[in-house]
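Given next are the chains, with one letter for each unit.
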Amino acid sequence: MARPVDLQDDVATVLIPSEQIQAKVAELGTRVSSDYAGREVILVSVLKGSLPFMADLMRAITIPVQIDLMEVSSYGGTTTESTGLVRILKDLSSSIEGKDVLIVEDIIDTGLTLNYLIRYLRGKNPASLRICTLLDKPARRLVEIAIDYLGFTIPDQFVVGYGLDYGERYRNLPFIGVLRPEVYSG
Ligand code: PRP
């Protein structure tokens with residue numbers, strides 16, 4: 001029988017432990033609840049990486065929220081960075097016209113995905129549009145993005161876990177970890 005694969009063996013270091021993520025999510029939830037008090041916000045999650053963050057954040061928010069899900073991928077090249085063009089694999093389910101919208105992302109890297117999404121969603125005339133991201137990797141930014149709610153700024157390292165993948169794996173790790181270089185180089 002094949003030996004069971006333990007994902008944690010591929011992680012060199014834990015960058016942000018689960019407890020720290022949960023504390024930050026609670027803090028962000030409190031801020032969102034206070035900032036949007038008396039209003040109803042639509043949380044738009046950008047799949048797949050933001051799934052755990054979205055699931056935790058929405059439960060840390062105490063005001064009424066609606067949720068919607070989008071999924072995007074880069075157009076043509078293997079990474080978004082290669083083209084800057086984004087293809088919508090799954091669009092919004094409901095109209096956001098006149099609504100307060102908060103985009104929920106797991107990470108902003110080059111910024112190209114959000115740059116595209118912001119323009120796309122602004123075209124649908126929401127009352128307001130803000131950005132919430134768990135992670136920010138400013139070292140790789142190609143376009144400026146104004147972040148309204150930020151969890152952690154991280155160094156330019158290959159991170160996985162809490163939604164982030166390498167080759168579709170590692171999304172289920174409960175922490176943010178740095179992958180061992182031999183995993184992606186060999
Ligand atoms: C990741 C992440 C952002 C995007 C950020 O998604 O969830 O959407 O990359 O990168 P950028 O700032 O350089 O555009 P990915 O394309 O890996 O898809 P996934 O969420 O399904 O893993």
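The preceding data block contains the structure.
Here is what the cut-offs are and how they apply
The residue numbering used here restarts from 1 in each chain and proceeds along that chain's sequence as written. Where totals are concerned, whole chains, interfaces and linings use all residues; where local detail is concerned, this predicted model gives features only for residues with pLDDT of at least 70, and gives and counts side-chain atom pairs only at 80 or more. As a rule here, side-chain values cover all heavy atoms of the structure and leave hydrogens and water aside. Throughout this description, the term salt bridge denotes a Lys or Arg side-chain nitrogen within 4 Å of a carboxyl oxygen of Asp or Glu. A run of H or I in DSSP counts as a helix once it spans at least four residues, and a run of E counts as a strand once it spans at least two, with each numbered from the N terminus. When a residue's accessible area, from a 1.4 Å probe over protein chains only, is under 20% of the maximum for its type it is buried; when over 50% it is exposed; and in between it is partly exposed. Any pair of residues with heavy atoms lying within 4.5 Å of one another is described as a contacting pair. Note on ring pairs: Phe, Tyr and Trp rings are taken, using the six-membered ring of Trp, and paired if centres are within 6.5 Å. Classes follow the plane angle, with under 30 degrees stacked, over 60 edge-to-face and the rest tilted. In this scheme, strands are said to pair when DSSP sees at least two bridges between them. Angular values range over 0 to 180 degrees, each being the angle between N-to-C directions of two axes fitted as lines to C-alpha atoms, with helices fitted over their stretch in contact.

Participant: What is the right way to read the pattern of salt bridges from this model?
Facilitator: Two side chains with opposite charge may pair up if their charged atoms get near one another. This structure, assessed with the given rule, holds 9 salt bridges. Between E27 and K24 there is a salt bridge, with its nearest N and O atoms 3.6 Å apart. Here E27 and its partner K24 are both found in helix α1 (residues 18-35), 3 residues apart, which amounts to about one turn of the helix. The exposure class assigned to E27 is partly exposed, which follows from its relative accessible area of 42%. Here R39 makes a salt bridge to D100, at a shortest N to O gap of 3.2 Å. Of this pair, R39 sits in the loop between α1 and β2 (41-47) while D100 sits in strand β5 (residues 100-108), and the two are 61 residues apart along the sequence. Judged by relative accessible area, R39 falls into the partly exposed class, the value being 33%. With a relative accessible area of 10%, D100 lands in the buried category. Among the ionic contacts, a cluster of salt bridges with common partners joins K48, D165, E168 and R171.

Participant: Is there a simple way to think about the environment of I88 in this case?
Facilitator: By secondary structure assignment, the location of I88 is in strand β4 (residues 86-90). Sequence-wise, I88 and E71 are 17 residues apart; in three dimensions their C-alpha atoms are separated by 6.2 Å. With residues near it in sequence (within four places) discarded, I88 still touches M70, E71, V72, Y116 and Y120.

Participant: Just to check I follow, could you spell out the packing of aromatic side chains for this structure?
Facilitator: Note on aromatic pairs: each is described by the distance of the centres and the angle between the planes. Counting across every chain of the model gives 4 aromatic pairs. With 6.3 Å between their ring centres and 10° between their planes, Y116 and Y120 make a pair best called stacked. Within this pair, Y116 and its partner Y120 are both found in helix α4 (residues 112-122), separated by 4 residues, close to a single helical turn. Seen from their ring centres, F158 and Y184 are 4.8 Å apart, and the 25° between their planes marks the pair as stacked. Separated by 26 residues along the polypeptide, F158 in the loop between β7 (149-153) and β8 (159-160) and Y184 in helix α5 (residues 181-185) bring together distant segments of the chain. Among the residues examined, Y184 registers a relative accessible area of 36% and is labelled partly exposed.

Participant: Hey, could you run me through the sheet that holds strand β9 (residues 176-179) in this one?
Facilitator: Each strand in a sheet pairs with another by means of backbone hydrogen bonds, the pair being arranged parallel or else antiparallel. Taken in spatial order, the 3 strands make up an open sheet running β1-β9-β8, and their pairing is antiparallel. Each edge of the open sheet carries a strand with a single partner, namely β1 (11-16) and β8. In this sheet, β9 lies alongside β1 in antiparallel orientation, the contact comprising 4 bridges. Paired with T13 across the bridge in β9 is V178.

Participant: Just checking my understanding: could you explain the sheet that holds β4 for this structure?
Facilitator: Ordered by their spatial adjacency, 6 strands build an open sheet running β4-β3-β2-β5-β6-β7, and the pairing between neighbours is mixed. The two strands at the open ends of the sheet, each matched to only one other strand, are β4 and β7. This sheet shows a mean twist of 30° between the axes of neighbouring strands, independent of strand direction. Sheet topology note: the strand β6 (residues 128-136)/β7 ladder contains 4 bridges and is parallel. Across the sheet, residue T133 finds its bridge partner in β7, namely L150. Against the sheet, α1 engages β5, β6 and β7, with an angle of about 160° to β7.

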